[in-house]
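# A look at the structure
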Amino acid sequence: MSTPEKILEQNLIAQLTTGVSQWTYRPDIKTEEQLWENFREKLNRNNIAVLNGVKITDSEMEQIKNRLLQESVTSYKAACWLTGEHRIVQIPLVREDASLGTVYLQVLNNREIAGGNSSYEVINQFSPDGADRDRRFDVTLLINGLPLIHIELKNPDHPFMDAFRQIKKYCREGQFKGLFGFVQMFVVSNGIETRYIAANKNGEMNEKFLSRWVDEKNEPVDDYLSFAKDVLNIPAAHLMVGNYSVIDQEKRKLILLRPYQIHAIDKIKEASRKQESGFVWHTTGSGKTLTSYTVTKNLLDIPAIDKTIFLIDRKDLDQQTSNDFQSYAENDDVDIEDTARTSVLEDKLLNDSRIAIVTTIQKFQNILRKYSKDQLSPQLEKARQKLKNKHLAFVIDECHRTVTPETKREIERFFDKPGKKSLWYGFTGTPIFDKNKKAAKGDLPRTTEQQFGPLLHTYTIKEAIKDGAVLGFQIQSLGHSEEQIRQLALDNKLFTEEELTNKPQDEIETAVINHYERNGEFYGTDEHKNQVIDYIINKSEGKFGLNAGEGNTYEAILTCSSIAEAQRYYQLIKAFKDNGKIDKRIIQKLPDFPKVAITYTLGENDESAEVNQKHMQQSLEDYNRMFKKNYGLEDIAAYNADLNKRLARKLPIYSVRDEQLDLVIVVDRLLTGFDAPCLSTIFLDRAPMKPQHLIQAFSRTNRLFDKTKRYGQICTMQYPANYAKKIDEALVLYSLGSSGDVSAPDWKTTKGKLKAAVKQLRNIAQTSKDVLALSDEKELADFISAFQAVDRYLASARVYDEFQEKEIQKQFGISSEEFEQYCGAYQNALEKLRGIQKGKDNPDPVSLVEFDYELESIRTTEVNYKYLITLIQSHIPVSGDTETRNISEEEDKKICAYINEYKKSNPHIGQIVEQVWFEVRMNPMKFEDQDAWTIVQERVQEIISKEISEFSRKWFVSEQEVGAEAMSWKAGDSVHLTGDYKEYKSSGNSLSKLRYMSELRKAAESFFKETVVPFRKF
């Protein structure tokens, strides 16, 4: 028998309230009123001197409440407020006694962790105002009276995802309001498995970002009490929400660092105290920029360090990384400054301000060359001595290629002197080992460790996939089969049959291809390129996620060996589209697919510069028409920046189809250091690269994005045997294991699982009609679980080339029509099981199912509410964004058309959305930095509250009672309102008490069904 939730809760509280630095249990705080009163007591206690002995009055407390409610409108705004100034959070208070003036009350001090005025309390079974009688928050942690960490528990018979779904449900219902609007971290657990995630009170939390805690050796910590001991102790919990959280200003969200990032930061702190350097090996895609930002910030806390220099390699990456740092630092107590010109960098290096500087290694070298000359003017000599005396800490992105051994030695010779050495902290996802070490060059280092010092922390791709920090890879090698290659070798007399017997396939393949390539054949022909184009456009719909509909599709990169090859591909793709070669099936799903762009470095080949510029001018004109831009050759840097942002889709404007790209053709650009979570696939039409370059390129694809993006898709178009060998070597090297640990299952395995799932479904219900006969609790639960398994495997199968939509009956034993019929039966079965379980204190454990499971393989034709809100959000101004975006008549018509379509299925919400869009269109600046989802949600709540108030007055029932029942009532539920018959009677009504109660329940049922429920359907 599993442990009941109540016992889990008691055990957790016991864990939290024992030990040296314990939380204080507050069983007396159960309601909003008690929570606010406790917060008031903390303000009075921590601000005795500021308040001058005069405690906060009732009217002053109302002033404080109103201010805090404004600060917690969205989770992003709450997080910004909680960063405070110099990490101290204050709130202004105009004293009721005018002679006392205005004072600033300290709310929270993130510099006083586990000390000073910081207080730590734990509450449980809290009941938010207006909530259903069953709405009780499990366990919440208060820091200085503010609920900052909330924990939701389920017993071990439930998956931990049920706790996550419950939190999302509370969010959608608007339960996290008032002081609970400041919650920064959610923890969900079923006792056996535990996860945490940054809070977002509107419920838009992607389950892919639920983090699993691991210890310093990357061993998982899943048990909820062990998790509490490691993560929720004091000071760890306060550090998590105070020091190990970062606000991404660009994305408008809070980020909680993952455990491996925290461990790496702690290791660098430890090394810096000892004045030692080193490097961190964190697999590409696991958030190195975020980790290195936090390291850069923390190093400035060391008084001995004058400046932190974050070095990167390329100009095009300089902008992306600098933008990321600026976005993180916008609300942080650190001055992150990039350097547009070398002279600016020089000024920042020489001044006395303690800042972090983001710059390229090339600009930094220019400074050193200037000050390394033998003869300098007295003024420059003085500046050189000042520069040489700086104690610098260098943080290096992709350290094995950003800083060469020669350059590092040059910098060290300039800055280092006895007793005072520069510190170096390198980050890489692909270190250089003895197995792939650099060629010998004098006594210079040949591996990452030799160059930067000891390995401080490791987090391999295998560990990242296991933890769900990145996705695995699905790898396909297309091209000639082994038999075809061998036959070509014989036909061209490259080898005898006897020689072929013992020769490795990759060597045979290389010989054959080299033979043809000498004559400009094989992979260099237009015929080959058109085959690749046909595959990308007509046979990769699963890789692009075209079933998800506009705005929700994925992107891809096509990389080839030269600029000339890239240009030819661009021309051939345009011709492919113009000549009507795109399959009608593809056009029906996405009429403007594919939207293609190209990017390369114009100066890469001086002899071809004129040709390259001509081709680039043509592609710029296409890009300008597609996105209403006006880039010329002189704006190539701005074009690349725009393309990067468009491909990354991190700003709301790029969430809409009109602003999106599908495919970008590159040579080497974007293959390293570029982060675009919605990029799912890389097509490689080039010879195999070195192991580190392969992993870097592959890792553009395996960022977490949405629920249906399961793998990073890798498609090699050349050298299948060579790629198979090189990929296996690279994955083994960088996973410290076998390639099978990081690769997706093959088609045979996935096909087998789907067939088995369909068979299991058929065993329970041979047809969808047979589901009607299921009445037993276990039978219904088994059917629901079996159908969900089919849905999951069907969604997984769709990304494989072998999957054929028209052939699923033949392949898996179920047709598309049958699946849709089963889907209808599945929805009915869910409602039937809910009815059976309703009112049961302990449902049969075997029948516990995922009621809130979201079907993945059903493509809805109904206008998606989320996309509609995304469209509106893309037109809400963001502070700091200098680009003015006027709402064109065409855009207005498009959004209005979506709203009208949405209103057909949901007129109640549709009318609110329509009004919001009208107001945004009329005065966009009125909504600057606001969240469209929250705006609509708040207006819905206003309408519901007004309707509930009117109903309550009419029938003499308390608003709280009506509100609680209204938010959970479903069709078929009984009504439990009691009402005040005496008040009803005294107001001149003539119904008897029995008749009054009967009419009240009828009216309430009608009110819930016709007025409240429609506003709950988004």
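Here the structure is a predicted model, which is why all the values come from computation and not from measurement.

## Regarding the overall build of the protein
- Looking only at helices and strands, the protein features 40 helices and 23 strands.
- The C-alpha atoms of the protein give a radius of gyration of 31 Å, which matches the 31 Å a tight globule of 1018 residues would have.
- Projected onto its principal axes, the C-alpha coordinates of the protein cover approximately 105 × 80 × 60 Å.
- The proportion of buried residues among the 1018 residues of the protein is 53%.
- Here the protein displays about 44,700 Å² of accessible surface, and carbon together with sulfur accounts for 48% of that area.
- Positive and negative side-chain charges of the protein, numbering 140 and 153 respectively, have mean locations separated by a distance of 1 Å.

## Looking at the packing of helix α12 (residues 342-350) against helix α13 (residues 361-371)
- Interhelical geometry of α12 versus α13 gives an angle of 70° and a closest axis separation of 9 Å. Between α12 and α13, the crossing angle belongs to the class labelled roughly perpendicular. Along the contact surface, α12 presents Thr 342, Leu 345, Glu 346, Leu 349 and Leu 350, while α13 presents Lys 363, Phe 364, Asn 366, Ile 367, Lys 370 and Tyr 371.
- Of the residues contributing to the contact of α12 with α13, the split by class is 6 nonpolar, 2 polar and 3 charged.

## Considerations on the pairing of strand β3 (residues 102-109)
- Burial analysis of β3 places 6 of its 8 residues in the buried class, the great majority of the element.
- Bridge analysis of strand β2 (residues 88-94) against β3 gives 7 bridges, and the strand direction is antiparallel. When the sheet's bridge partners are listed, Gln 90 is paired in β3 with Gln 106.

## Observations regarding the packing of helix α21 (residues 505-517) against helix α29 (residues 720-735)
- Running from N to C, α21 and α29 cross one another at 135°; their axes reach a closest spacing of 8 Å. Here α21 is positioned oblique relative to α29, judged by the angle of their axes. For the pair α21 and α29, the crossing hand works out as left-handed. Here α21 contributes Gln 505, Asp 506, Glu 509 and Thr 510 to the contact with α29, which in turn contributes Pro 720, Ala 721, Asn 722 and Lys 725.

## Quick notes on the packing of aromatic side chains
- Within the structure shown, the criterion is met by 49 aromatic pairs.
- Between Trp 747 and Tyr 800, the ring centres sit 5.4 Å apart and the planes meet at 50°, which makes this aromatic pair tilted. Placement of the pair is Trp 747 in helix α30 (residues 747-764) and Tyr 800 in the loop between α31 (777-797) and α32 (808-812), with a sequence separation of 53 residues.
- An aromatic cluster of at least three residues, connected via ring pairs, comprises Phe 951, Trp 955, Phe 956, Tyr 981, Tyr 984, Tyr 996, Phe 1007 and Phe 1008.
- Against the face of Phe 627 rests Arg 646, its NZ or CZ located 3.9 Å from the ring centre.

## Regarding the confidence of the model for the protein
- Averaged over all residues, the pLDDT of the protein equals 86, while 93% of them reach at least 70.
- Segment residues 859-863: pLDDT under 50, and 6 contacts once partners within four positions in sequence are set aside and those in other chains are kept.

## Looking at the pattern of salt bridges
- Enumeration over the complete set of coordinates arrives at 53 salt bridges.
- As a salt-bridge pair, Arg 384 and Glu 381 come within 2.5 Å of each other at their nearest N and O atoms. Of the two residues, Arg 384 and Glu 381 are both situated in helix α14 (residues 378-388); the distance of 3 residues between them amounts to about one turn of the helix.
- We classify Arg 384 as buried; its relative accessible area is 14%.
- Where Asp 675 meets Arg 703, a salt bridge forms, and the shortest distance between an N and an O atom there is 3.0 Å. Here Asp 675, found in the loop between β21 (663-666) and β22 (679-685), pairs with Arg 703, found in the loop between α28 (691-698) and β23 (711-716); they are 28 residues apart in sequence, far enough to count as distant.
- One network of salt bridges, in which partners are shared, links Arg 26, Asp 28, Glu 41, Lys 42 and Glu 121.

## Side note on the nonpolar core
- Core analysis: the largest hydrophobic core is formed by 107 residues, its most contacted members being Leu 311, Phe 364, Phe 394, Tyr 639, Ile 665 and Phe 683.
- Ranked by residues supplied to this core, first place goes to helix α24 (residues 563-578) with 7 residues.
- Excluding residues that lie within four positions of it along the chain, Tyr 639 makes contacts with Ala 597, Ile 598, Met 616, Leu 620, Tyr 623 and Tyr 631.
- The next biggest cluster of nonpolar side chains, apart from the first, holds 105 residues, and it includes Ile 149, Phe 182, Leu 257 and Leu 290.

## Looking at α24
- For α24, built from 16 residues, the straight-helix expectation of 22 Å at 1.5 Å per residue is met to within 8% by its first-to-last C-alpha distance of 23 Å.
- Among all positions in α24, only Ile 563, Glu 565, Ala 566, Gln 567, Tyr 569, Tyr 570, Leu 572, Ile 573 and Phe 576 are buried.
- Positioned one or two residues after α24, Gly 580 has a phi angle of 70°, which is positive.

## Here's the deal with the sheet that holds strand β7 (residues 185-189)
- The strand order β1-β4-β5-β6-β7-β8 describes an open sheet built from 6 strands, whose pairing is mixed. Here the strands that pair on one side only, and so sit at the sheet edges, are β1 (24-25) and β8 (194-198).
- Of the pairings in the sheet, the one linking strand β6 (residues 146-153) to β7 comprises 5 bridges and is parallel in character. Looking at β7, one finds that Leu 153 is bridged to Ser 189.
- On top of the sheet, helix α2 (residues 32-46) reaches β4 (120-126), β5 (137-143) and β6; it is set at about 170° to β4, its chief contact.

## Quick word on the layout of surface pockets
- Its boundaries defined by the atoms lining it, the second largest pocket holds a volume of some 1,100 Å³.
- Lining the second largest pocket we find 31 residues, and of these Glu 207, Lys 208, Lys 707, Arg 710 and Arg 792 sit closest to its centre.
- Counting only elements with at least two residues in the lining of the second largest pocket, the list comes to α6 (160-172), α18 (461-467), α30 and α31.
- Considering only residue class, the lining of the second largest pocket consists of 12 nonpolar, 5 polar and 14 charged.

Calculation criteria
Residues numbered from 1 in each chain as written. Predicted model: local features only at pLDDT ≥ 70, side-chain atom pairs only at ≥ 80, totals over all residues. Heavy atoms only, no water. Helix = DSSP H or I, 4+ residues; strand = E, 2+ residues; numbered from the N terminus. Rg over C-alpha atoms; globule rule 2.2 N^0.38 Å. Buried < 20%, exposed > 50% of the residue type's maximum accessible area, 1.4 Å probe, protein only. Areas by Shrake-Rupley, 256 points an atom, 1.4 Å probe, with all protein chains shown as cover. Lys, Arg positive; Asp, Glu negative; His and termini not counted. Charge placed at Lys NZ, Arg CZ, Asp CG, Glu CD. Axes fitted to C-alpha atoms, helices over the stretch in contact; angles between N-to-C directions. Parallel < 35°, antiparallel > 145°, perpendicular 65-115°, else oblique. Contact = heavy atoms within 4.5 Å. Nonpolar A, V, L, I, M, F, W, Y, C, P; charged D, E, K, R; others polar. Pairing = 2+ DSSP bridges. Left-handed = near helix turned anticlockwise from the far one by under 90°. Phe/Tyr/Trp six-rings, centres within 6.5 Å; stacked < 30°, edge-to-face > 60°. Lys NZ or Arg CZ within 6 Å of the ring centre and 35° of its normal. pLDDT = per-residue confidence, 0-100. Salt bridge = Lys/Arg side-chain N within 4 Å of Asp/Glu carboxyl O. Core = buried A, V, L, I, M, F, W, Y, C linked by side-chain atoms within 4.5 Å. Expected span 1.5 Å × (residues − 1). 1 Å grid on protein atoms, 1.4 Å probe; cavity = no way out; pocket = protein on both sides within 12 Å on 5 of 7 lines; lining within 4 Å. Points joined across faces, edges and corners; volume = space filled by probe spheres on them.

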